[in-house]
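Read off the chains here:
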Amino acid sequence: MSVKDRLIEDMKHAMKEKEAGKLRLSVIRMVRASIKNGEIDRKKEFDDDEVLDVLAKETKLRRDALEEFKKGNRPDLVETLEREIAILLQYLPEQLSEPEVRALVAEAVAVTGAATAKEMGKVMAVLIPKVKGRADGKLVNMIVKEMLSN
């Protein structure tokens, strides 16, 4: 079953749950709208990889907003965003832990022979296909910078 089909099935299920599935329904509808907008913009139907890109983008937007709401002392909105992120993560591949990301970064640094921060692009070119959709880009970027600055 494709990710888009799974979203449709989960949306139907959330609609049947009424109150219990209200947040889930809202998140799924928002994601489906983003997917549809992307398909209209690119004039083609998205495959699973492109749908996962949309899901990752929506998750990133919520994580960024989460940080701002924490700074603004808005626990009500923080809780809602955390629940939305949890729903979105169910559709993304299993996320890599920080030690797993560090191992992949070390491997990419070794493969490219990069030694300075100026060579970060080489490392990222090797690393991105391995972590795409499976790790937060900020975390990956931070670890690469850290390893290349030593």
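For the structure itself, consult the block above.
Every value quoted in this text rests on a predicted model; they were computed, and no experiment measured them.

Asks: Please clarify how helix α6 (residues 120-131) should be interpreted in this entry.
Replies: Residue pairs three or four apart in sequence face the same way in an α-helix, which turns once every 3.6 residues. With twelve residues, α6 extends 15 Å between its outermost C-alpha atoms, agreeing within 8% with the 16 Å of an ideal straight helix rising 1.5 Å per residue. Where α6 is concerned, the buried positions are Met-120, Val-123, Met-124, Leu-127 and Val-131. What you see down the axis of α6 is that its buried residues fit within an arc of 95°, all on one side. Of the residues in α6, the exposed ones pointing more than 90 degrees away from the buried face are Gly-121, Ala-125 and Pro-129. Looking at the buried residues of α6, the elements they touch are α5 (98-112) and α7 (137-149). Of the residues trailing α6, Gly-133 is marked for its positive phi of about 80°.

Asks: Explain the packing of helix α2 (residues 22-42) against helix α3 (residues 48-71) to me, please; I cannot follow it from the model alone.
Replies: Packed helix pairs are characterised by how far apart their axes lie and by the angle those axes make with each other. Running from amino to carboxyl end, α2 crosses α3 at an angle of 125°, the nearest separation of the two axes being 10 Å. Relative to α3, the element α2 lies oblique. For the pair α2 and α3, the crossing hand works out as right-handed. Contacts between α2 and α3 involve Met-30, Val-31, Ser-34, Ile-35 and Arg-42 from the first element and Glu-50, Val-51, Val-54, Leu-55, Glu-58 and Arg-62 from the second.

Asks: Sorry if this is basic, but what is going on with the layout of surface pockets here?
Replies: The gaps of empty space that remain are located by a probe, the size of a water molecule, rolled over the atoms. In this structure, the largest pocket encloses a volume near 310 Å³. Lining the largest pocket are 16 residues, and of these Ala-56, Gly-133, Ala-135, Asp-136 and Gly-137 lie nearest its centre. Elements supplying a minimum of two residues to the lining of the largest pocket: α3, α6 and α7. With five residues, the single largest contributor to the lining of the largest pocket is α3. Of the residues contributing to the lining of the largest pocket, the split by class is six nonpolar, four polar and six charged. By volume, the second largest pocket is sized at about 190 Å³. Lining the second largest pocket, in full, are Ser-34, Gly-38, Arg-42, Phe-46, Glu-50, Asp-53, Val-54, Lys-57 and Glu-58. Taken together, the elements giving at least two residues each to the lining of the second largest pocket come down to α2 and α3. Among the elements that line the lining of the second largest pocket, the one with the most residues is α3, at five residues.

About the thresholds
Residues numbered from 1 in each chain as written. Predicted model: local features only at pLDDT ≥ 70, side-chain atom pairs only at ≥ 80, totals over all residues. Heavy atoms only, no water. Helix = DSSP H or I, 4+ residues; strand = E, 2+ residues; numbered from the N terminus. Expected span 1.5 Å × (residues − 1). Buried < 20%, exposed > 50% of the residue type's maximum accessible area, 1.4 Å probe, protein only. Arc of directions from axis to C-beta. Contact = heavy atoms within 4.5 Å. Axes fitted to C-alpha atoms, helices over the stretch in contact; angles between N-to-C directions. Parallel < 35°, antiparallel > 145°, perpendicular 65-115°, else oblique. Left-handed = near helix turned anticlockwise from the far one by under 90°. 1 Å grid on protein atoms, 1.4 Å probe; cavity = no way out; pocket = protein on both sides within 12 Å on 5 of 7 lines; lining within 4 Å. Points joined across faces, edges and corners; volume = space filled by probe spheres on them. Nonpolar A, V, L, I, M, F, W, Y, C, P; charged D, E, K, R; others polar.

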